[in-house]
Amino acid sequence: MPRTVVRSVRRARSRSLVHAVWALALALITTLPITTAPATAATPHASTATVVHVLASAVAAGADGSDARPYPTIAAALAAAPAGATVEVGAGTYREGGLRIERPVVLEAAAGARPVITGADRVTAWSRSDDGTWTSDEDMVRFCDVCTINADPAKEGMAAHPEQLWVDGKPLRQVATRAEVTDGTFYVDDPDPVTRSTAKDGTAVFSPKPHTGTRYVLGTDPSGHDVEIAQRARALTVAADDVTLRGLTIERFSPLQVWSYQDPETGGLTGAVMVSVSGARARIEDMVLSESAAGTALGLSGSDDSVVTGSTFRDNGADGLGVNGGDGDVIEGNSFEGNNTAGFLTVGCGAYCTIADMKATHATGLVYRGNVVDHTGAGRDASDPTQAAQDAMPGVWFDEGMIGSSVLTSYFLNVPVPVLIEVSSRNVVASNVIDGAATGIRVSGSDRTRVEVNTVVHALTSLEVREDSRHNGCNALASDGSCASVETWSAEHGLTWDTTGTRILDNLLAYPQRARDSSDPWRYTPMVRVLGAANDDGSGSHWANEMIERMDGDVYLREPGTRRPADTDVLWKAGPGKGDSVNATDLDELRGSAAVTVAHLEAHGTDLRAERSHDEVFADLPSDPTDLAGADLRLAESSPAAEAGPALDSDVASLLGLTEAEASAPARGAVLNVAWGDGKAPMTTSYSASAAAHGDADGHESWPVIAGATAAGAVIVLITALLVVRRRRARARR
């Protein structure tokens, strides 16, 4: 499906500039010394001395992996490749799965090729039934339809069913009964489905059934058409350090949402990722990962110092990318679009909410930088109150113990909740551009979060800081008040899950969605909501004055008007009572409120009022807020938001690669962003456990240690940004 491409990007980069960038790259690479920081990771061990060739059209007889006698399958090539080899995959479609890499190798596309690894098989034998449907003649793989994270799979509807079918490349919609089958739909007839029960400790227990035994019922005449059905769950497992994956498309696998189902033939390879990487220093580059069913398309687990760059995650049934554990990973220059096609719940699902374009947990020093998350293809406005009540999918979600990590210079279009920082510690959200959202940035149950120089436009709520009622890594309490569900990582790392020490500086919050929730007209009056709560365990509570350490220099740009209830800048809840709070219509009211005890709150903040149709703040802002393709959210030359704000925190400035002069008097809003092809290389970070243990000179736990950015790094970031832009522009033309 074509995606909207932001016109500001198209206008900002001409062909001559692209040529100039490549010339600059060549000059820098050939004349300047290149150094690398540990977090940039993954120097492949591949050697040109050993190249193992694969070609889909080759024959197995006599194959030895040479250029003259390539292997016909990737599995055969991986089995033959020694450590340090490059497995070069030629053009074609490879219908194989369960691949495993246990040695440091490079698995990459041959020059000029774009090979596809698919979990789907062509199915050609069909029988017509009297009811006008067609049934597959052979038994197909049985997938588990109750293997969801949600304890009640029925609540997830058809999202719980990981089966997939395509006719001429177009996915058909699965229905629950044969009676519902019509043109464009299919049903899976399973006479002996996997069942689910609950053990005494609350864990799910699944009853394994034979690997095959299902038939597919199709409502579209398959005659003369190419019908494919997903028949594999896992594409690839990377269990070795120093592995590179480059230039491949991996698609159409059907992993389950859970890890625990054991298939009689494939064992645990049924879930919960299409591609699993557990080795350190992996490099995932220029990949396309799409149409993974219920499981995450790419999962990194404990993969220290790994890099995912220049890759596309699109049209996956659930999450695009997942990170669990690991130190110093870099997620940079990727695009995410059209994920959660299965429609898993993102609202009202409590502990079962797991869906995001990217979700990361239990990791340190992760850098998420220069990525594009585009939900414009959804065909609905994420900021509409009715839509917001149904969809709260995050673009990037740091959860359960993310420490010393950052979300930088990324671009989010029409994403329900672009950035969510939850029950984590010491993270940075800086210089991101958000256009269209339900809640632009949300911080919940997290200490010492820094939210600086972001631009948020057309959101129901631009920024929300809230307390989480959970405490000290306890997800649930027993009836006697003890912790019944300990989140071990957070508990071991001393995370309180309390929102404290939040710093909010120099953000540009503009033109919020003006629609109201008919059931609660006050709900969306404020641009910023600072909320509080008491801990479930009775240990205490945190409200606005305890949660915010500093809040200054932000711009609140709203359209003028006399609506009732009135639009407001900030809802500041200083306690549980109604009289403890202020819903300030402007910054003067906020500063003068008795509910505010934080010193110098928004002392340098700015109120701006202007009609969007006469905007003078941004370079190019369409009157229609849903015209995201027409927006250029850089500041106009004489923008009132260009006035210098308070100095950025030094850690944030270093992460963005700003000079001391640039950081001392920044303009409001994003200063660098992938949408603009900025060439300044943000710094990389590597969390220092020893520094955190000893604390800094002021007695606080240390922030991420800054590793140097190099001239070569600047070139890589710029080229990556331009390649993303050019790819999106080409897609838009189609």
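Along each chain, the written sequence defines residue order, and numbers are assigned to residues from 1. Where local features are concerned, this predicted model is filtered to residues with pLDDT of at least 70; where side-chain atom pairs are given and counted, the filter is 80 or more; whole-chain, interface and lining totals use all residues. Note that the side-chain values use all heavy atoms of the structure and ignore hydrogens as well as water.

A closer look at the overall build of the chain
Under the DSSP-based scheme used, a helix requires at least four consecutive residues in state H or I and a strand at least two consecutive residues in state E, with every element numbered from the N terminus. Helix and strand content of the chain: eleven helices and 57 strands. The buried label applies to any residue whose accessible area, calculated with a 1.4 Å probe on protein chains only, is under 20% of its type's maximum; exposed applies above 50%, and partly exposed to all values in between. For the chain, with 734 residues in total, the buried portion stands at 58%. Throughout, a contact is declared for two residues whenever any of their heavy atoms are within 4.5 Å. Excluding contacts between residues fewer than 6 apart, the proportion of contacts in the chain whose partners are at least 24 apart in sequence is 66%. For the chain, the accessible surface area stands at approximately 27600 Å², while carbon and sulfur atoms represent 50% of it. Computed with a 1.4 Å probe, the accessible areas rest on the Shrake-Rupley method; for each residue, only the protein chains presented here act as cover.

Section: the environment of Glu487
The residue Glu487 is located in the loop between β43 (483-486) and α5 (488-492) in this model. Residue Glu487 is classed as buried on the basis of its relative accessible area, which comes to 7%. Through-space distance from the C-alpha of Glu487 to that of Ala476 is 9.5 Å; in sequence the pair is eleven residues apart. Leave out the neighbours within four places in its chain, and Glu487 touches His362, Glu400, Gly473, Asn475 and Trp497. A polar contact is formed between the side chain of Glu487 and the side chain of His362, at a distance of 2.9 Å. Distance and chemistry together define a polar contact, namely a pair of N or O atoms within 3.5 Å, with one atom able to donate a hydrogen and the other to accept it when in protein, and with adjacent residues in sequence counting only for side-chain atoms on both sides.

Description of the sheet that holds strand β11 (residues 165-167)
Pairing between two strands requires that DSSP report at least two bridges joining them. Ordered in space as β7-β18-β11-β12, the four strands form an open sheet in which the pairing is antiparallel. Looking at strand neighbours, the two that pair on one side only are β7 (120-122) and β12 (170-171), the edges of this open sheet.

Quick word on the state of the cysteines
Any cysteine sulfur atom paired with another within 2.5 Å is treated as part of a disulfide. Per the counting criterion, the structure on display carries three disulfides. Two residues, Cys349 and Cys353, share a disulfide whose sulfurs are 1.8 Å apart. Judged by the sign of its S-S torsion, about 100°, the cystine formed by Cys349 and Cys353 is right-handed. What makes Cys349 buried here is its relative accessible area of 6%. Looking at Cys353, the relative accessible area reads 16%, which means it is buried. Here Cys474 connects covalently by a disulfide to Cys483, the sulfurs 2.2 Å from one another. Its S-S torsion of approximately 110° makes the covalent link between Cys474 and Cys483 right-handed. The partly exposed category is assigned to Cys483, whose relative accessible area is 32%. In the chain, the bonded cysteines, numbered by position in the sequence, are linked as 1-2, 3-4, 5-6.

Regarding the packing of aromatic side chains
In summary, the pairing rule links any two rings of Phe, Tyr or Trp, Trp by its six-membered ring, whose centres are within 6.5 Å, and it sorts them by plane angle into stacked for under 30 degrees, edge-to-face for over 60 and tilted for everything else. A complete count under the given rule lists three aromatic pairs for this structure. When the ring of Phe206 is compared with that of Tyr261, the centres are 6.3 Å apart and the planes differ by 85°; the resulting orientation is edge-to-face. In this pair, Phe206 sits in strand β16 (residues 204-207) while Tyr261 sits in the loop between β21 (249-251) and β22 (273-277), placing the two residues 55 residues apart along the sequence. On the basis of an interplanar angle of 10° and a centroid distance of 4.9 Å, the ring pair of Phe313 and Phe336 is categorised as stacked. One end of the pair, Phe313, is in strand β27 (residues 312-314); the other, Phe336, is in strand β30 (residues 335-337), with 23 residues separating them in the sequence. The pair formed by Phe313 and Phe336 is uniform in burial state, with each residue classed as buried. Here the guanidinium or amino end of Lys359 rests over the ring plane of Trp397, the centre of that ring lying 3.8 Å away. Ring-over charges, as used throughout, are those where CZ of Arg or NZ of Lys falls within 6 Å of the ring centre and within 35 degrees of the ring normal.

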